[in-house]
Structures are given as C-alpha cells and as structure tokens.
Amino acid sequence: MPYTDLLRATVFLTGAEATVLGAISAISVGGEPSGTTVIVALAWWAIALILGFWLGRPERAREDMRDPLSRARMATSLPSQSPARIAIQRLWPIALTAVIAGGLGLFFPGVAIIGTGYALIVSLAWHTREAAVTAIEERDGVRFFVVPNSAFKPIHLVRTPGLRSDRLHAT
C-alpha cells in the first residue's frame, strides 16, 4: 500500500470519526436542560480545531515525516499483502475507539464530546502529511510503501524506484 494512501485514509477515517462522534454528542446533549455541557463542548472543539491546525502546519508535517522516510529501506519489489489488509492492520484502533466512544457517548455525552475533539486534532494535524511525502517522492523519484506490521509498532516503509520527473534546473 502506498504510504500516501495510508495517510489519506487516516485523515478521512479520523474526520469521519469526528463527524459521527459530533452527531452523537449533539443527540446525547439535546435532552439536557443545562447548557453548560454545550458550552464546554463548543469550547473544547474550538481548542481542538486551533490545536489541530497548528500541529498540521506544512513545516511540521515535513519534520514529522523525516524519521519514517529516512528509515525506509530500499527494495525492488512491493510488500506482498493487499492494500486493504495493510490499511485494516494499521487503522483498526481508530475504528475501535470510534465505536467505543460512540457507544459510551449515547449514555455519557462527555465521552463523545472529548472523542470528537481528539479526532479533530488528529485529522487536522495529519492533513498535510500526504503532501509532504508526495513532494519528497516527486523530488527523489521514489515511492514509499507500507510494510505490513502491527498498529502498535512504528510504521516500516520500503522505498522503491518511481518515475523520476526530469525537470531542468536553471543554473
């Protein structure tokens, strides 16, 4: 599975998690007579938005991608497993936390509210990482692919030769 596809799937999945948990929060809080929970939720979500955009700055994305990309070993063949299997192996904890927070959020609105904020932070913080990896792939003429392993271990990548763009540099 191309690393850029995994990054894109992570952003979409956490964005979907934030949307679903936000809806569950609204449904759960809708019957409460006090507006305090709504004010706290809106404040937390505003903080999460600001923090997510701040963590998702392009220069930070380049810095965060440096370590996994530099550890990528060179390979001439792709990992053997299917992209869907690799995505499930890496992203199942996000889906599990969404289900747990959503289920608990029906009875305890605070759980869904907090989960929404964290999902917003992750989604916004990671939204520029794909572009950072793509820029390096285009510059170096390589492609990065995810090696199948556990979601609880650091990601391992392989670097394969890609189609190098023959840009003429003015001197």
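Treat the numbers as computed from the prediction; the structure is a model and nothing was measured. (Residues numbered from 1 in each chain as written. Predicted model: local features only at pLDDT ≥ 70, side-chain atom pairs only at ≥ 80, totals over all residues. Heavy atoms only, no water.)

Colleague: So what's going on with a nonpolar patch on the surface? Residues and values would help.
Modeller: Taken together, the side chains of Ile 88, Trp 92, Leu 96, Ile 100, Leu 104, Leu 106, Phe 107, Phe 108, Val 111 and Phe 152 present a nonpolar region at the surface, about 1100 Å² in accessible area. Take the nonpolar patch: its biggest share by element is 7 residues, from helix α4 (residues 83-107). Position of Phe 107 among the secondary structure elements: in helix α4. In this structure Phe 107 comes out as exposed when scored by relative accessible area, which is 65%. (Patch = residues over 30% accessible without salt bridge, like charges linked within 9 Å, V, L, I, M, F, W, Y side chains within 5 Å. Areas by Shrake-Rupley, 256 points an atom, 1.4 Å probe, with all protein chains shown as cover. Salt bridge = Lys/Arg side-chain N within 4 Å of Asp/Glu carboxyl O. Helix = DSSP H or I, 4+ residues; strand = E, 2+ residues; numbered from the N terminus. Buried < 20%, exposed > 50% of the residue type's maximum accessible area, 1.4 Å probe, protein only.)

Colleague: Account for the pattern of salt bridges, with residues named and values stated.
Modeller: Taken as a whole and assessed by the stated rule, the structure comprises 9 salt bridges. The partner of Arg 57 in a salt bridge is Glu 59, and the shortest N-O contact between them spans 3.0 Å. For Arg 57, a relative accessible area of 26% corresponds to the partly exposed category. A salt bridge links Asp 67 to Arg 71; the nearest nitrogen and oxygen atoms lie 3.7 Å apart. Given the relative accessible area of 45%, Asp 67 is considered partly exposed. Since its relative accessible area comes to 43%, Arg 71 is described here as partly exposed. Each of the salt bridges in this network shares a partner with another, and the network as a whole consists of Asp 5, Arg 8 and Glu 130.

Colleague: Requested: an account of the side chain of Arg 90, with residues and values cited.
Modeller: If you trace the backbone, Arg 90 turns up in helix α4. Among buried Asp, Glu, Lys and Arg side chains, Arg 90 stands out as unpaired, with Asp 67 the closest opposite charge at 12 Å. Setting aside anything within four residues of it in sequence, one finds Arg 90 in contact with Leu 6, Asn 149, Ser 150, Ala 151, Lys 153, Pro 154 and Ile 155. (Lys, Arg positive; Asp, Glu negative; His and termini not counted. Contact = heavy atoms within 4.5 Å.)

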